[in-house]
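For reference, the chains in residue letters:
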Amino acid sequence: APSVAKCVTFWYHAYGADIGSLNVYSQLAAAAAQESSSNPKRLLWTVNRNQGNSWYMARVSTDYSTNFRIIFEGVVGKSPLGDIAIDDVHASPKGCPRQAETDFEDDMYEFGSWLNADNTIDDFDWELYSSSASTQFGQIADNTLGPNSYDGHFALATTNLNAGKYARLMSEIMQPVGDQSYGCIKFYYKFNDS
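Counting restarts for each chain: residues are numbered from 1 in the order of the written sequence. Per-residue local features are limited, in this predicted model, to residues with pLDDT of at least 70; the limit for side-chain atom pairs, both in listing and counting, is 80 or more; totals at the level of whole chains, interfaces and linings are taken over all residues. As a rule here, side-chain values come from all non-hydrogen atoms in the structure, and water together with hydrogens is ignored.

A few points about the overall build of the protein chain
We count it as follows: Each helix is a run of DSSP H or I of at least 4 residues and each strand a run of E of at least 2, with the numbering of both proceeding from the N terminus. Working definition: with a 1.4 Å probe on protein chains only, accessible area under 20% of the residue-type maximum means buried, over 50% means exposed, and in between means partly exposed. By definition in these notes, contact holds between two residues if any of their heavy atoms fall within 4.5 Å.
Of regular secondary structure, the protein chain possesses zero helices and ten strands. When the elements of the protein chain are put in sequence order from the N terminus, they spell out β-β-β-β-β-β-β-β-β-β. Looking at the protein chain as a whole, 29% of its 194 residues qualify as buried. Partitioning the intrachain contacts of the protein chain with sequence separation of at least 6 by distance along the chain shows that 74% fall at a separation of at least 24.

Following this line, the structure appears as structure tokens:
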């Protein structure tokens, strides 16, 4: 029986001056796995520029009432100076969260599509922290599950380093949807002081 999928999550690596492109398509399942005018591929997601030497998470939404397939297409660049890779492809029967959305509660994708910056551009990493564990200031209740909950998780930048050090947590590469642009990001934060 076909898998039920409303969201396909994958990690990709697109590194080099001439990477070409990585395209993700959907196509209704036909008897032959061929593109035709009656069964065209539908572009769901693409990246076509150097993303640096890091892995990034991406998600594509799929919501069909009939069988379909996902197609990953790697297009070779104009020189050998570039590589594209994919890893950890996962299809979920749940719909995709909005771009760059996470509550740090997903065991499989701890930081969601967020990524700690390479330590060549910051000093240390954000850590996934359980609110049931103690910090140097005691327990911190989880915002997602409520002010009295110590069962959740959150990202924590520790303060036991020298003053002026910093950690960067970066979102996935976000793509506009149609002619919409995203002008607002909503997040919760907490500062503890001694």
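Thoughts on the sheet that holds strand β5 (residues 68–75)
Operational definition: Strand pairing is assigned whenever DSSP identifies at least 2 bridges connecting the two strands. The convention used is that axes are lines fitted to C-alpha atoms, helices contributing only their stretch in contact, and that angles between N-to-C directions extend from 0 to 180 degrees.
Overall, antiparallel pairing links the three strands, which are arranged β3-β2-β5 in an open sheet. Edge positions in the sheet fall to β3 (42–47) and β5, since each has one partner strand and no second. Each adjacent strand pair in this sheet contributes to an overall mean axis angle of 20°, direction not counted. When strand β2 (residues 21–28) meets β5, the two strands line up antiparallel, connected through eight bridges. Residue pairing across strands places Val24 opposite Phe72, the latter belonging to β5.

Regarding the pairing of β2
The buried fraction of β2 amounts to seven of the eight residues, a majority that puts the element mostly inside the structure. Sheet analysis places β2 next to β3, joined by five bridges and oriented antiparallel. By the bridge assignment, Tyr25 is partnered in β3 with Leu43.

Observations concerning the nonpolar core
Applied cut-off: In these notes, a set of buried Ala, Val, Leu, Ile, Met, Phe, Trp, Tyr and Cys residues joined through side-chain atoms within 4.5 Å is what counts as a nonpolar core.
Ranked by internal contacts, the top residues of the largest apolar core, which has 15 residues, are Phe10, Tyr12, Leu22, Trp45 and Val60. Taken together, the elements giving at least two residues each to this core come down to β1 (7–15), β2, β3 and β4 (56–61). With five residues, the single largest contributor to this core is β1.

Looking at the environment of Val8
Locating Val8 in the fold gives a position in strand β1. The class of Val8 is buried, set by a relative accessible area of 5%. Here Val8 is in contact with Ala58, Arg59, Val60, Ile70, Val89, His90, Ala91 and Cys96, once residues within four sequence places are set aside.

Thoughts on the side chain of Ser21
Note that Ser21 resides in strand β2. Ser21 gets classed as buried once you look at its relative accessible area, which sits at 13%. Once residues within four sequence positions are removed from consideration, Ser21 is found in contact with Thr46, Val47, Asn48, Glu73, Gly74, Val75 and Ile84.

What to know about unusual backbone geometry
Positive phi, close to 50°, is recorded for Asp88, a residue that is not glycine. Among the secondary structure elements, Asp88 is positioned in strand β6 (residues 83–92).

A word on the pattern of salt bridges
Rules: In the sections that follow, a salt bridge refers to a side-chain nitrogen of Lys or Arg positioned within 4 Å of a carboxyl oxygen of Asp or Glu.
This model, assessed by the stated rule, comprises one salt bridge. Taking the shortest distance from any N to any O, the salt bridge between Glu73 and Lys41 comes out at 3.5 Å. Taken together, the residues span a long stretch of sequence, with Glu73 in strand β5 and Lys41 in the loop between β2 and β3 at a distance of 32 residues. A relative accessible area of 26% places Lys41 in the partly exposed class.

A word on the sheet that holds β4
Read from one edge to the other, the open sheet built from three strands follows the order β4-β1-β6, with strand pairing classed as antiparallel. What marks the edges here is a single partner per strand, and that holds for β4 and β6. Across the sheet, the mean angle separating the axes of adjacent strands is 25° when strand polarity is ignored. As defined by bridge partners, β1 adjoins β4 across six bridges and the pair is classed as antiparallel. Paired with Thr9 across the bridge in β4 is Arg59.

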